[in-house]
Amino acid sequence: MPSSSGRPSRPSAKNSLRRCGLYFGYSQIDQFFRSCLVGFWYWFGASAACLVILMAQYLTGGAWGFIIRRPLEAGAKTLYVFSFLFIPLLLGREHLYWWTTKEGLADKVIKAKDLYLNVPFLMGRTGIYIVFFLVMTYILTKWSKEEDDTKSTKVSARLEALSAPGVLIFFLLMTFCSVDYLMTLEPHWYSTVYGFLTIISWCLTAMCLIVATMTLLAGDAPFDHALTPKHLHDLGKLIFALTMLWAYLQFSQLLITWSGNLPEEIVWYIKRWNGGYGWVSLILLIGHFALPFLMLLSQSVKKSAKSIAMVAIYILIVHVVDVYVMVEPNFAKVTDVHFSVSILDVTAPLGFGGLWLALFFRNLQSGSLLATGAPDFHKALNHGKSH
């Protein structure tokens, strides 16, 4: 645009930074909340998954779970902080969830769903999620310490008895949670496998974090003699299984949507296949599934602490892209999709990650690193040493 002197005006530094996604002002408050949702959802999911994997281990037993029980507890305890980070999302809900705005509430489709999509009910559900996390984490970790102190099988039986309904309630509540905080970013769209897909993604994140931590501690007591290649092999197989299940659910969701070919369903994929997002989806297909699948086929990779750690860290990095794709394209107009990355999309996951890791390692240092009161302690400790 010409200036008063007739010469073209120079673009301001503010506008240049805004185009690059580097300027943070009032106009970027929406981007701030979006990026925070990406970072929060990634690390909150790791915390939640640590809790459900811990409950699954109490139910199934097995040496694979015994060796990671304390790291799982340390991860679950981060829920004491991360559960309350839902509150800022609720406070900034109109920057994220269009259906909470006046325009959204006036929409015919939203009105048809107002029995579920209303702010007071959303806050009530969030309160239930927080109470569940706090109560289950507190009781399980308290009883686990009691199990170590008393070596009582009665305490072990209580842990198993609580975990059975705990796993079921977890899957039910977290299905609602994924709908509340991710699916409703696109309130006209829906998927019947979305909740389960979200939980599997969380479990994959948590397992990779735990495996990376275990290999980091492998050279120090007590893991220098407790962690065996057989343990690593079992954990590697679990990561392999979760990777395949993630891909299967992604394909199932796509196949059902493709077969139905309904306008209200395909909008989710239109936004992720156009405007540059198609390349990101291709990166996920290759980087999140094909490469980990091929690497984890090898037994030698799964049994090597260094190799499995590298694979786990790689999956953790690629999974940030997956969460980004779950969140950011929802805010684009279906007729005008453009891929863009803000610097906040990088700093927010790093910031939440720093907080998570600080809490995790503080929790890990607060007690014994091995569950010495577990019924099969010695059997699990010697897992694979006779081979």
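Residues numbered from 1 in each chain as written. Predicted model: local features only at pLDDT ≥ 70, side-chain atom pairs only at ≥ 80, totals over all residues. Heavy atoms only, no water.

## Examining empty space enclosed by the protein
Right, on to step 1. Summed over the entire model, instances satisfying the criterion amount to 1 cavity of 30 Å³ or more.
Right, on to step 2. Forming the walls of the largest cavity are Trp41, Tyr42, Leu182, Thr198, Ser201, Trp202, His319, Asp322, Val323 and Met326.
Right, on to step 3. Counting only elements with at least two residues in the lining of the largest cavity, the list comes to α2 (29-60), α12 (194-216) and α18 (305-327).
Right, on to step 4. Broken down by element, the residue count for the lining of the largest cavity peaks at 4 residues, all from α18. (1 Å grid on protein atoms, 1.4 Å probe; cavity = no way out; pocket = protein on both sides within 12 Å on 5 of 7 lines; lining within 4 Å. Points joined across faces, edges and corners; volume = space filled by probe spheres on them. Helix = DSSP H or I, 4+ residues; strand = E, 2+ residues; numbered from the N terminus.)

## Topic: the pattern of salt bridges
Right, on to step 1. Under the definition given, this model contains 8 salt bridges.
Right, on to step 2. Between Arg69 and Glu147 there is a salt bridge, with its nearest N and O atoms 3.2 Å apart. Of this pair, Arg69 sits in helix α4 (residues 69-77) while Glu147 is found in helix α10 (residues 119-150), placing the two residues 78 residues apart along the sequence.
Right, on to step 3. For the salt bridge of Arg158 with Glu146, the shortest nitrogen-to-oxygen distance reads 3.1 Å. Placement of Arg158 in helix α11 (residues 153-181) and of Glu146 in helix α10 is noted, with a sequence separation of 12 residues between them. (Salt bridge = Lys/Arg side-chain N within 4 Å of Asp/Glu carboxyl O.)

## Some thoughts on a nonpolar patch on the surface
Right, on to step 1. On the surface, Trp279, Leu282, Leu285, Ile286, Leu291 and Met295 cluster together into a nonpolar patch covering about 590 Å² of accessible area.
Right, on to step 2. For Leu285, the position within the fold is in helix α16 (residues 277-296). (Patch = residues over 30% accessible without salt bridge, like charges linked within 9 Å, V, L, I, M, F, W, Y side chains within 5 Å. Areas by Shrake-Rupley, 256 points an atom, 1.4 Å probe, with all protein chains shown as cover.)

## Some points on the nonpolar core
Right, on to step 1. Of all hydrophobic cores here, the largest spans 104 residues; its most connected members are Trp41, Phe44, Phe133, Phe170, Met174 and Tyr181.
Right, on to step 2. At 19 residues, α2 tops the list of elements feeding residues into this core.
Right, on to step 3. Those residues in contact with Phe133 that lie beyond four places of it in its chain are Phe44, Ala48, Leu51, Leu79, Ser83, Phe170 and Met174.
Right, on to step 4. One finds Val280, Leu284, Tyr324 and Val325 within the second-largest nonpolar core, a separate group that totals 8 residues. (Core = buried A, V, L, I, M, F, W, Y, C linked by side-chain atoms within 4.5 Å. Buried < 20%, exposed > 50% of the residue type's maximum accessible area, 1.4 Å probe, protein only. Contact = heavy atoms within 4.5 Å.)

## Re the side chain of Ser47
Right, on to step 1. Mapped onto the fold, Ser47 is located in helix α2.
Right, on to step 2. Setting aside its immediate chain neighbours within four residues, Ser47 contacts Gly75, Ala76, Thr78, Leu79, Phe82 and Trp356.

## Digging into the layout of surface pockets
Right, on to step 1. Each pocket or cavity is described by its volume, and for the largest pocket that value is around 460 Å³.
Right, on to step 2. Around the largest pocket, the lining comprises 18 residues; the ones closest to its centre are Gln250, Leu254, Tyr269, Ser281 and Leu285.
Right, on to step 3. When residues of the lining of the largest pocket are traced back to their parent elements, those giving at least two are α14 (229-260), α15 (263-273), α16 and α18.
Right, on to step 4. Of all the elements, α16 adds the most residues to the lining of the largest pocket, at 6 residues.
Right, on to step 5. The class makeup of the residues in the lining of the largest pocket is 13 nonpolar, 3 polar and 2 charged. (Nonpolar A, V, L, I, M, F, W, Y, C, P; charged D, E, K, R; others polar.)

## Topic: the environment of Ala221
Right, on to step 1. For Ala221, the location among the structural elements is in the loop between α12 and α13 (223-226).
Right, on to step 2. Residues Ala221 and Pro165, 56 residues apart in the sequence, show an inter-C-alpha distance of 35 Å.

## So, unusual backbone geometry
Right, on to step 1. Positioned with a positive phi, Lys151 is a non-glycine residue whose angle comes to about 55 degrees.
Right, on to step 2. Here Lys151 shows up in the loop between α10 and α11.
Right, on to step 3. A positive phi is found at Asn261, a non-glycine position, where the angle reads about 50 degrees.

## Details of the packing of α11 against α12
Right, on to step 1. Running from N to C, α11 and α12 point in directions that differ by 105 degrees, and their axes come no closer than 8 Å. With respect to each other, α11 and α12 are oriented roughly perpendicular. Residue-level contacts link Phe170, Phe171, Met174, Thr175 and Ser178 of α11 to Tyr194, Gly195, Phe196, Thr198, Ile199 and Trp202 of α12.
Right, on to step 2. Taken together, the residues of the contact of α11 with α12 break down into 7 nonpolar, 4 polar and no charged. (Axes fitted to C-alpha atoms, helices over the stretch in contact; angles between N-to-C directions. Parallel < 35°, antiparallel > 145°, perpendicular 65-115°, else oblique.)

## Some points on the state of the cysteines
Right, on to step 1. Per the stated rule, a full pass over the model turns up 0 disulfides.
Right, on to step 2. Among the cysteines around Cys177, which has no disulfide bond, Cys203 carries the closest sulfur, lying 14 Å off.
Right, on to step 3. Cys177 gets classed as buried once you look at its relative accessible area, which sits at 0%. (Disulfide = S-S within 2.5 Å.)

## What to know about α2
Right, on to step 1. Taking 1.5 Å of rise per residue, the 32 residues of α2 would be expected to cover 46 Å, and the 46 Å separating its terminal C-alpha atoms lies within 8% of that figure.
Right, on to step 2. Among the 32 residues in α2, 26 count as buried, and that is most of the element.
Right, on to step 3. Positive backbone phi, at 70 degrees, marks Gly61, one or two positions downstream of α2. (Expected span 1.5 Å × (residues − 1).)

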